[in-house]
Amino acid sequence: RKEVEQDPGPFNVPEGATVAFNCTYSNSASQSFFWYRQDCRKEPKLLMSVYSSGNEDGRFTAQLNRASQYISLLIRDSKLSDSATYLCAVTPWGAVYQKVTFGTGTKLQVIP
Amino acid sequence: NAGVMQNPRHLVRRRGQEARLRCSPMKGHSHVYWYRQLPEEGLKFMVYLQKENIIDESGMPKERFSAEFPKEGPSILRIQQVVRGDSAAYFCASSERTSGANVLTFGAGSRLTVL
């Protein structure tokens, strides 16, 4: 089983729609969780960290479910500019160093 | 703050040649990660380094690939005797912390094409 798994998509949604992505992780000792956004042929950029209590940043909401070992990203009122690949990232708990493992990404295409 | 600087941005090599990719981390960051991304695929971890130390190289192929992060100068990812399968985007990222939330800042990547 892969350390971090995502549905590759693509998710094709109309403007204004709400879309959600899930990301599962295999190491129950994982500590820190993140969502990154990657535009075509560009570098990944941090979208948001994921906190245990869940967190929101504008139209974006991230949640963590430790019992089921997944994190989610919800995008409300989708914009054309949200079209990108969304990568989840996970780091282990209590390690001396923190290797960051990424999922393969979920591609989102927002359609006019 | 110039961010994470990678060069060259594009590199073309013929099979059997060597490729050297350089990465200068953000100012104040002492941890460097290298990732490889094949077309239409995700980021695959290769190696994690601190100054003068390789912390985790579990993602590095056993042969032909090496990485270093010297006391002075950029981190270098070296690929010897390149093959077509090495064609990919190589991203470097840096961070400043080993505890707590480990947020990575990525460079723009180096795109290697092997002819």
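Residues take numbers from 1 onward in each chain, read along the sequence in its written order. Labels are handed out in written order, letters beginning with A for the chains and numbers beginning with 1 for the ligands. Local features in this predicted model are restricted to residues of pLDDT 70 or higher, and side-chain atom pairs are both shown and tallied only at a pLDDT of 80 or more, whereas totals for entire chains, interfaces and linings draw on every residue. Only hydrogens and water are removed before side-chain values are computed, so all heavy atoms of the structure are retained for them.

Some remarks on the pairing of strand 5 (residues 43-50) of chain B
Residue and element names in this part refer to chain B.
Part 1 of the reasoning: Burial classes: relative accessible area under 20% of the type maximum marks a residue as buried, over 50% as exposed, and values in between as partly exposed (1.4 Å probe, protein chains only). The helix count covers DSSP runs of H or I at least four residues long, the strand count covers runs of E at least two residues long, and both are numbered beginning at the N terminus. Burial of strand 5 is extensive: six of the eight residues sit out of reach of the surface.
Part 2 of the reasoning: Strand direction decides the pairing type here: strand 4 (residues 31-37) and strand 5, joined by seven bridges, are antiparallel. Looking across to strand 5, one finds that Q37 is bridged to L43.
Part 3 of the reasoning: Linkage of strand 4 to strand 5, two consecutive antiparallel strands, is achieved through a turn of five residues, within which E40 is found at a positive phi near 65 degrees.
Part 4 of the reasoning: Following DSSP output, two strands are said to pair if at least two bridges run between them. Of the pairings in the sheet, the one linking strand 5 to strand 6 (residues 53-56) comprises three bridges and is antiparallel in character. Bridge assignment links L49 to a residue of strand 6, and that residue is I54.
Part 5 of the reasoning: Here strand 5 folds back onto strand 6, and the loop between the two strands holds two residues, one of which, E52, carries a positive phi near 65 degrees.

Focus: the interface of chain B and chain A
Part 1 of the reasoning: We call two residues contacting when some pair of their heavy atoms lies within 4.5 Å. Taken together, the 23 residues of chain B in the interface contact 18 residues of chain A.
Part 2 of the reasoning: Within the residue set of the side of chain B that touches chain A, elements represented by two or more residues are strand 4, strand 5 and strand 6 of chain B.
Part 3 of the reasoning: When residues are sorted by character, Ala, Val, Leu, Ile, Met, Phe, Trp, Tyr, Cys and Pro go into the nonpolar class, Asp, Glu, Lys and Arg into the charged class, and all the rest, Gly among them, into the polar class. In terms of residue class, the side of chain B that touches chain A is built from twelve nonpolar, eight polar and three charged.

Some points on the packing of aromatic side chains
To describe a pair of aromatic rings, you give the distance between the ring centres and the angle between the ring planes.
Part 1 of the reasoning: Note on ring pairs: Phe, Tyr and Trp rings are taken, using the six-membered ring of Trp, and paired if centres are within 6.5 Å. Classes follow the plane angle, with under 30 degrees stacked, over 60 edge-to-face and the rest tilted. Applying the stated criterion to the full structure yields 13 aromatic pairs over all chains.
Part 2 of the reasoning: On the numbers, 4.9 Å between centres and 45 degrees between planes, the contact of A:Y25 with A:F33 is tilted.
Part 3 of the reasoning: Note on A:Y25: relative accessible area 2%, which makes it buried.
Part 4 of the reasoning: For A:F33, a relative accessible area of 2% translates into the label buried.
Part 5 of the reasoning: With centroids separated by 6.3 Å and ring planes inclined at 20 degrees, the aromatic side chains of B:Y33 and B:Y35 adopt a geometry described as stacked. Both residues of the pair, B:Y33 and B:Y35, belong to the buried class.

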